[in-house]
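# Observations on the three-dimensional arrangement
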Amino acid sequence: RPGSVHRLHRTQMGTGLITKHPFKFLYVLLALAFNYVRLWLWCFKYTFPALRPVPSWTFRQALMVRIIKALIGAQSRVNMKTPLSLIAGKEKDKFVLIPPASATSYTGIARAVDSIVPGDIGAVWYSPPYTTGEATKVVIHFHGGAYVIGNARPNDTKFLGETLAKSGNFKVLCPAYRLASNEGGAFPAPLQDAISAYAYVVRVLGVPPKQIILSGDSAGAHLTLALLRYIKDHGPSVSLPPPCGAMLWSAWVDVPGRLNMRLHDSPHYHSDYIHEAFIIWGRD
């Protein structure tokens, strides 16, 4: 709904002092010191299986989940940005620079905010790149991260990208869509980038839609659903035919529904590495 889009666009997470320097730097130092002390307490506590989040977990598993949760919490409170480079790194020829599709490809909700316009995005192949005429199915996978963290590079998406490629003998392309935590990355920027990626695969690479599968985990699954809805509503008018299928992994399907949710109420909160501050950051 356009009204909701504008409200989401105006909402800015991190109006607090700790999201701005020098307070951000001071908070990070204090968080490191505080969690260093807690680390020794966790080491002692998790020596006893009965005190671990899940008694059957190993000491290492319990400790690592707690450390990751603390780091995610600190990162979320200060709104640490994730830089998205458009330059190939270690990926070399598996990195692709995807330009915006034709202007007519974006309409309706994809143009809901005048200041958010399509731009170049990076993408990484987790298989040999598609060659024109191949019969292999191509998976376009959108990473998770609550729309505020994550990228398509191997340091973040390698495990899932390579797993998809091997398990189904797919060609797997992971686009690095813009993030709301970065300048110019608020909605509908991720949807615009998803449209650009899909149009690139269909029009530039020439992959028949019957060979394309959309995929996403967490927020990436939400973006997959948004792209499918966009294709359903506007595909015929913008010449974007539907793919043959989609795969959703732990889909974050009800973002507005998180407005009144307390993650602490979940029976699995203490065994989950996701911190409540992260959900609030992504929600806002």
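Right above here is the structure, for reference.
Below: a short report on this structure. Remember, it's a predicted structure, so these values are computed and weren't measured experimentally.

One broad trend across soluble globular proteins is that nonpolar side chains are buried collectively. Residues Ile98, Ile195, Tyr198, Val201, Ile212, Leu227 and Phe278 are the most contacted members of the largest nonpolar core, which totals 44 residues. Only strand 1 (95–98), strand 2 (121–125), strand 3 (138–142), helix 5 (189–204), strand 5 (212–217), helix 6 (219–238) and helix 7 (276–283) provide two or more residues apiece to this core. With nine residues, the top contributor of residues to this core is helix 5. If near-sequence neighbours (up to four positions away) are discounted, isoleucine 212 is found in contact with Val138, Ile140, Tyr198, Val201, Val202, Val207, Pro243, Cys244 and Gly245.

What follows covers the packing of aromatic side chains. This model, assessed by the stated rule, comprises four aromatic pairs. On the numbers, 6.2 Å between centres and 85° between planes, the contact of tyrosine 36 with tryptophan 40 is edge-to-face. Of this pair, tyrosine 36 and tryptophan 40 both sit in helix 2 (residues 23–45), separated by four residues, roughly a single helical turn. Classification of tryptophan 40 as exposed rests on a relative accessible area of 52%. Arranged with centres 6.1 Å apart and planes meeting at 65°, the rings of tyrosine 147 and tyrosine 177 form a pair that is edge-to-face. Linking tyrosine 147 in the loop between strand 3 and helix 4 (154–168) with tyrosine 177 in the loop between strand 4 (171–176) and helix 5, this pair joins segments that are 30 residues apart in sequence. What makes tyrosine 177 buried here is its relative accessible area of 1%. Directly above the ring of tyrosine 269 sits lysine 69, whose terminal nitrogen or CZ lies 3.5 Å from the centroid.

The subject of this paragraph is the environment of valine 207. Note on placement: valine 207 falls in the loop between helix 5 and strand 5. On a C-alpha basis, the gap between valine 207 and aspartate 254 in space is 31 Å, while along the polypeptide they are 47 residues apart. The residues touching valine 207, leaving out its near neighbours within four places in the chain, are Tyr130, Val138, Val201, Val202 and Ile212.

Another point: the pairing of strand 5. Of all six residues making up strand 5, five are buried, and the element is well covered by its neighbours. Sheet topology places strand 3 next to strand 5; five bridges connect them, and they run parallel. Paired with valine 139 across the bridge in strand 5 is isoleucine 213. A crossover connection joins strand 5 to the parallel strand 6 (residues 245–249) through helix 6; in handedness this β-α-β unit is right-handed.

Before going further, it helps to spend a moment on the sheet that holds strand 5. Spatially, 1-2-4-3-5-6 is the arrangement adopted by the six strands of the open sheet, whose pairing is mixed. Both outer strands of the open sheet, strand 1 and strand 6, are each paired with one neighbouring strand and no more. With direction set aside, neighbouring strand axes in the sheet form an average angle of 25°. Docked against the sheet, helix 6 engages strand 3, strand 5 and strand 6, running at close to 140° with respect to strand 5.

Orientation of helix 5 relative to helix 6, taken along the N-to-C sense of each, is 60°, at an axis distance of 10 Å. When the axes of helix 5 and helix 6 are compared, the pair comes out oblique. Our pair here, helix 5 against helix 6, has a crossing hand that is right-handed. Where helix 5 approaches helix 6, its residues Pro190, Leu191, Ala194, Ile195, Tyr198 and Arg203 are matched on the opposing element by Leu223, Ala226, Leu227, Tyr230, Ile231 and Val238. Across the contact of helix 5 with helix 6, the residue classes tally to eleven nonpolar, no polar and one charged.

Rules of the game
Residues numbered from 1 in each chain as written. Predicted model: local features only at pLDDT ≥ 70, side-chain atom pairs only at ≥ 80, totals over all residues. Heavy atoms only, no water. Core = buried A, V, L, I, M, F, W, Y, C linked by side-chain atoms within 4.5 Å. Buried < 20%, exposed > 50% of the residue type's maximum accessible area, 1.4 Å probe, protein only. Helix = DSSP H or I, 4+ residues; strand = E, 2+ residues; numbered from the N terminus. Contact = heavy atoms within 4.5 Å. Phe/Tyr/Trp six-rings, centres within 6.5 Å; stacked < 30°, edge-to-face > 60°. Lys NZ or Arg CZ within 6 Å of the ring centre and 35° of its normal. Pairing = 2+ DSSP bridges. Right-handed = clockwise from strand over helix to strand, strands pointing away. Axes fitted to C-alpha atoms, helices over the stretch in contact; angles between N-to-C directions. Parallel < 35°, antiparallel > 145°, perpendicular 65-115°, else oblique. Left-handed = near helix turned anticlockwise from the far one by under 90°. Nonpolar A, V, L, I, M, F, W, Y, C, P; charged D, E, K, R; others polar.

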